[in-house]
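# Tertiary structure, described
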Amino acid sequence: MAIPFERLGWLFVRYGKRVYPDWADPLLFDWLQTLPRGALLLDLGGGTGVLAAEARRERPDLRLVVVDPAVGMLKHAGEGVDTVVARAEELPFADAGVDAVMLGEALHHFQDPKQALAEAARVLKPGGRLWIYDFDPRRGLGRWVFWGERLLGEPANFYAPLELQDVLSSLGFSVAFHERGGRYVLQATLLLG
Ligand SMILES: C[S@@+](CC[C@H](N)C(=O)[O-])C[C@H]1O[C@@H](n2cnc3c(N)ncnc32)[C@H](O)[C@@H]1O
């Protein structure tokens, strides 16, 4: 990891939510309302739990787990949220035991995002739900973020939403996405087997 996430937890606690545009909030909140009561929801690359905190406010009944390799990020996760030190490419969860997975501003930081998505498909139950927020490296703000992260030495493994849709379709998901100004929210459902 070129960005020293281990030492940047304080920064994400203070400013992490500002990365997300206002229009993404209702898409997250509406999606959260579709999850079954008491659902197990993983926040992959969840860092300090910025999204998990939103999920807890909206749906206090959910079982929330933030997964991240950086202990320096996880130690800031708030109350009511469990943490697991792991890479998304090797999830320490059994097959088909998870109701939902979210990834906020995280997928492009992974060394192998395709493997992480395959892992998400493995741990999700049939009918399980996926929510992703990320940047389109070919449009608007996404272009700048792409080049900035390349310069910082990050993996910068960005997918354009149509490419991500193809990868997820091949893993058995049905997919819909909303894009604005080089940022997108993608929602997917793992089709029944
Ligand atoms: C930009 S931060 C986003 C954190 C959080 N999702 C948020 O919205 O504030 C990216 C996170 O991805 C994590 N990360 C990097 N590589 C990872 C991997 N292979 N698996 C899981 N998380 C990873 C980093 O440690 C960091 O916490």
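Up top you'll find the structure we're talking about.
The notes below deal with the structure included here. (Residues numbered from 1 in each chain as written. Predicted model: local features only at pLDDT ≥ 70, side-chain atom pairs only at ≥ 80, totals over all residues. Heavy atoms only, no water.)

## Here's the deal with unusual backbone geometry
A positive phi angle, near 50°, is found at Ala96, a position not held by glycine. Among the secondary structure elements, Ala96 is positioned in the loop between strand 3 (81–85) and strand 4 (98–104). Ala96 gets classed as partly exposed once you look at its relative accessible area, which sits at 39%. The backbone of Glu105 shows a phi angle near 55°, a positive value even though the residue is not glycine. Along the chain, Glu105 turns up in the loop between strand 4 and helix 5 (113–123). (Helix = DSSP H or I, 4+ residues; strand = E, 2+ residues; numbered from the N terminus. Buried < 20%, exposed > 50% of the residue type's maximum accessible area, 1.4 Å probe, protein only.)

## As for the pairing of strand 5 (residues 124–135)
Taken across its twelve residues, strand 5 has nine buried, putting it largely inside the fold. Pairing of strand 4 with strand 5, which is carried by six bridges, proceeds in the parallel orientation. Each bridged residue has a counterpart across the sheet, and for Gly104 the counterpart in strand 5 is Tyr133. Looking at chain direction, strand 5 and strand 7 (residues 183–190) are connected through seven bridges and run antiparallel. Opposite Arg129, over in strand 7, you have Thr189 as the bridge partner. (Pairing = 2+ DSSP bridges.)

## Examining the pattern of salt bridges
Close approach of charged atoms lets side chains of opposite charge pair. Applying the stated rule across the entire model yields twelve salt bridges. In this structure, Glu54 and Arg57 form a salt bridge, with 2.6 Å as the shortest nitrogen-oxygen distance. Of this pair, Glu54 and Arg57 are both found in helix 3 (residues 50–58), three residues apart, which corresponds to roughly one turn of the helix. Glu90 is the salt-bridge partner of Arg87, the closest N and O atoms lying 3.1 Å from each other. Its relative accessible area of 55% is what places Glu90 among the exposed residues. Residues joined in a network through salt bridges with shared partners are Arg37, Arg59 and Asp61. (Salt bridge = Lys/Arg side-chain N within 4 Å of Asp/Glu carboxyl O.)

## Describing the sheet that holds strand 6 (residues 173–180)
Strands belonging to one sheet form pairs held by backbone hydrogen bonds; the direction of such a pair is parallel or antiparallel. Read across the open sheet, the seven strands follow the order 3-2-1-4-5-7-6; overall the sheet is mixed. Strands with a single pairing partner mark the edges of an open sheet, and in this sheet they are strand 3 and strand 6. Sheet twist, expressed as the average angle between the axes of neighbouring strands with direction ignored, equals 15°. Across the sheet, helix 5 is in contact with strand 1 (40–44), strand 4, strand 5, strand 6 and strand 7; its angle to strand 5 comes to roughly 150°. (Axes fitted to C-alpha atoms, helices over the stretch in contact; angles between N-to-C directions. Contact = heavy atoms within 4.5 Å.)

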